[in-house]
Amino acid sequence: MSRTINMTSDPSKSAAPTVGATDVLVGSFTPELPKASVLVIDDEPGMRNFLSKALVGHCATLDVATNTEEAANLLDANSYDIVLLDNVMPKQNGVEWLADQRRIGLFSDVILMTAFADLDTAIAAIRAGASDFLLKPFRVNQLLNAIARSLARAQLLRQNAVLRHEVEAGKDLLHNSDALLGSSNAIKSVRAAIAKAATTSSHVVIRGEVGSGKQIAARMLHSNSSRAENPFVWLQCKGMNEDTLQTRLFGRIESNSDDHWQEQDGMLRDAAGGILYLEDVEMLSPGCQNLLVELLTTGRFRPIGAKRSVAIDVQIVSSSTQSLQQAVNDNRFRADLFYMLNVIEITLPPLRERGEDIVELIRYFSESLSARLGLSQPALPPVTRRRMLAYRWPGNVMELRNTVERALINGGYDPRLGKTAATGEIESLAAVEQRHILETLDACGGNRAEAARRLGVARKTIDRKCQAWGL
Ligand SMILES: Nc1ncnc2c1ncn2[C@@H]1O[C@H](COP(=O)(O)OP(=O)(O)OP(=O)(O)O)[C@@H](O)[C@H]1O
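Residues numbered from 1 in each chain as written. Predicted model: local features only at pLDDT ≥ 70, side-chain atom pairs only at ≥ 80, totals over all residues.

Undergrad: Got a sec to walk through the overall build of the protein? Specific residues and values, please.
TA: A tally of helices and strands in the protein yields 18 helices and 15 strands. Across the 471 residues that make up the protein, the buried fraction comes to 37%. For the protein, long-range pairs separated by at least 24 residues make up 75% of all intrachain contacts whose partners lie at least 6 apart in sequence. (Helix = DSSP H or I, 4+ residues; strand = E, 2+ residues; numbered from the N terminus. Buried ≥ 20, exposed ≤ 12 C-beta atoms within 10 Å, placed from the backbone. Contact = placed C-beta atoms within 7 Å.)

Here it is as structure tokens:
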């Protein structure tokens, strides 16, 4: 059986350390070390004792295995950031065992400890995926430095992967608002729902039309949650074949007949501890749906081609432009997955249903885009403003943002702006009323008294409505 070192255990009661026991630790080696989980694999009691004594109190979890079978069992059950592996052990040497484990699925950084620094061992270890060497005898500082280096490298790789996903997201994220702007009651309720969802780890579905701000809502949820320090990883589920989608999400391990292996990390591992945002979740391929059900049922997933599964803590926020329930009814989406993902549902109202926000959004985009593009803000004549308020915005805030950007580039708003085509869609009474009043105002050249007369309402009513819409 393996031996687990409990953080409260007293390693000094074990056999006396054999190497560098008198080293004094100075300073913090890396901010990652206190959060790290480490597995030590060594058949020599003295060495195990030295490593335990050196590491207890410095890392979050420390497990010790006396042989490779114990180690494999521990790896089946737990995830480790670092594995410290002795090379010379009975039955199978460390490098051979490591190569086997990489093919099964070993997702930790491995530091090989060896007394024989020959080139062949070094080459074999690198091929087997060791990230560093410790040449025996070594001191505690050398050990902690090697671990710190591996942790820092892993952190860097993860940050790099997350940034790559952001670039692939293709969205102009740097210049977007990081909050859902607007003072309409509809957007206030959405912000309140986001704040509530951010206090839990429950999975969330955000529904809304194209460009209505679903991704901004998901990012807001992330930055308000306790997961904010961990990654937000975005995956577009639309337009990718089954194989690519599975690899991108779950990762893949491939080995060929030459005993070479290749590992591709999936987004799930990149998102560990954070939020995975599945955009257009209704387009998720059937195979991915099955794998996600397995993940949500067991809390573990298996990279494609791996034999070993990995435990993962991730909050899934999905977005859907179509009705997900409809996709279930049409047998395009698994009903159990729908219920697992849809613990909390947030619906973003279309822009035409929250006319009060339009002027605020125009101002925001006009100011932020003019600063970014180095262009002066275009004038917004009352007639254009009215037309923008009356327009239906089928592309929602995204369309509004692009309209403002186009006006900046062209030096003014298009006078034909806001000619609405009927869509046959049912609108709320408030939206119809707003559009009708604004179109009447337009027909009256902005004369409110005349518009009130034609509409058969008091002038004060028109004034009150215009004020609410920011006119
Ligand atoms: N309430 C809002 N406040 C500020 N910006 C917003 C708001 N809603 C949307 N946006 C902006 O509109 C654009 C589209 O938003 P976003 O990408 O979040 O929409 P979406 O619903 O995810 O779109 P899609 O369905 O195409 O993925 C972005 O530039 C975003 O910054």
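Having seen it, we continue.
Undergrad: Summarise the UniProt feature "domain: Response regulatory" (unreviewed entry) in the protein; cite the residues concerned and give the values.
TA: The UniProt entry lists residues 37-151 under the feature "domain: Response regulatory" (unreviewed entry), expressed in the numbering used here. Helix and strand shares over residues 37-151 are 47% and 23% respectively, and the end C-alpha atoms of the span are 10 Å apart. (UniProt positions renumbered as here; feature names shortened; annotations may be inferred.)

Undergrad: How would you sum up unusual backbone geometry? Please name residues and give values.
TA: Put simply, Lys136 and Pro137 share a cis peptide bond, and its omega is 0°. Examined against the element boundaries, Pro137 turns out to sit in the loop between strand E6 (130-135) and helix H5 (140-169). The backbone of Asp280 shows a phi angle near 55°, a positive value even though the residue is not glycine. Topologically, Asp280 is positioned in the loop between strand E11 (275-279) and helix H10 (286-298). By C-beta crowding, Asp280 is classed as partly exposed, having 18 other C-beta atoms within 10 Å. Phi is positive for Trp393, close to 50°, though the residue is something other than glycine. Locating Trp393 in the fold gives a position in the loop between helix H14 (382-390) and helix H15 (396-410).

Undergrad: Could you give an account of helix H7 (residues 214-224), with specific residues and numbers?
TA: Summarising burial for H7: nine of the eleven residues are buried, a large majority. Every buried residue of H7 is listed here: Lys214, Gln215, Ile216, Ala217, Ala218, Arg219, Met220, Leu221 and His222. On its buried face, H7 is in contact with helix H6 (185-197), strand E7 (204-207), strand E8 (232-236), E11, strand E14 (315-320) and strand E15 (344-347).

Undergrad: A description of the packing of helix H8 (residues 242-250) against H10 should follow, citing residues and the corresponding values.
TA: In a pair of packed helices, the angle between the axes and the distance between the axes together describe the arrangement. Contact pair H8 / H10: the axes reach a minimum separation of 8 Å and the direction vectors enclose 30°. Comparing their axes, H10 and H8 come out roughly parallel. Every residue of H10 that contacts H8 at Glu242, Leu245, Gln246, Leu249 and Phe250 is listed here: Gly287, Cys288 and Leu291. (Axes fitted to C-alpha atoms, helices over the stretch in contact; angles between N-to-C directions. Parallel < 35°, antiparallel > 145°, perpendicular 65-115°, else oblique.)

Undergrad: So what's going on with the confidence of the model for the protein? Which residues, and what values?
TA: Should the pLDDT be low somewhere, the predicted coordinates at that spot are not to be read in detail. Taken residue by residue, the protein gives an average pLDDT of 85. The fraction at 70 or more is 89%. Taken as a whole, residues 1-27 scores under 50 in pLDDT and shows 46 contacts with residues more than four places along the chain or in a different chain. Both scores are available for the predicted complex, with the pTM at 0.79 and the ipTM at 0.95. (pLDDT = per-residue confidence, 0-100.)

Undergrad: Any chance you could break down the nonpolar core for me, citing the residues and the numbers?
TA: Ranked by size, the top nonpolar core spans 88 residues in total, and within it Val38, Leu84, Ile111, Ala217, Leu276 and Tyr277 carry the most contacts. Looking at which element gives the most residues to this core, the answer is H5, with six residues. Leaving out residues up to four positions away in the same chain, Val38 has contacts with Leu55, Cys59, Thr61, Leu62, Tyr80, Asp81, Ile82 and Leu84. (Core = buried A, V, L, I, M, F, W, Y, C linked by C-beta atoms within 7 Å.)

Undergrad: An account of the sheet that holds E7 is requested, with residue identities and associated values reported.
TA: In space, the five strands of this open sheet follow the order E8-E11-E14-E7-E15, with parallel pairing throughout. Two strands bound the open sheet, and with one partner strand each, they are E8 and E15. Neighbour to neighbour, the strand axes of the sheet diverge by 20° on average, direction disregarded. One ladder, built from four bridges, connects E11 with E14; its direction is parallel. Looking across to E14, one finds that Leu276 is bridged to Ile316. (Pairing = 2+ DSSP bridges.)

Undergrad: Account for the packing of helix H16 (residues 429-443) against helix H17 (residues 448-455), with residues named and values stated.
TA: Where H16 contacts H17, the axes come no closer than 9 Å and their chain directions differ by 125°. The angle between the axes of H16 and H17 places the two elements in the oblique class. In this structure, H16 crosses over H17, and the sense of that crossing is right-handed. Touching Ile437, Thr440 and Leu441 of H16 are Arg448, Ala451, Arg454 and Leu455, all from H17. Taken together, the residues of the contact of H16 with H17 break down into four nonpolar, one polar and two charged. (Left-handed = near helix turned anticlockwise from the far one by under 90°. Nonpolar A, V, L, I, M, F, W, Y, C, P; charged D, E, K, R; others polar.)

Undergrad: Provide a residue-level description of the domain arrangement of the protein, including the pertinent values.
TA: Splitting the protein by domain gives domain 1 (3-156), domain 2 (170-349) and domain 3 (352-468). A straight line from the C-alpha centre of domain 2 to that of domain 3 covers 34 Å. Counting from both sides, the interface comprises 14 residues of domain 2 and, opposite them, 14 residues of domain 3. Split by residue class, the side of domain 2 that touches domain 3 holds five nonpolar, eight polar and one charged. (Domains from an automatic or database assignment.)

Undergrad: Can you break down H14 residue by residue, with the values?
TA: Taken together, the buried positions of H14 are Arg385, Arg386, Arg387, Met388, Leu389 and Ala390. In this fold, the buried residues of H14 make contact with helix H13 (358-373) and H16.

Undergrad: Talk me through the pairing of E6; I want residue IDs and the actual numbers.
TA: Strand residues, when the strand is regular, have side chains that alternate between the two faces of the sheet. Bridge count for strand E5 (residues 109-114) against E6 is five bridges, and the pairing is parallel. When the bridges of E6 are listed, Val110 appears paired with Ala130. In this fold, E5 hands off to helix H4 (residues 119-128), which returns the chain to E6; that crossover is right-handed. (Right-handed = clockwise from strand over helix to strand, strands pointing away.)

Undergrad: Outline the environment of Ser223, listing residues and values.
TA: Of note, Ser223 is situated in helix H7. Separated by 25 residues in the primary sequence, Ser223 and Ala198 have C-alpha atoms spaced 8.4 Å apart. If we skip the residues at most four places from it in the chain, Ser223 touches Asp178 and Ala228.

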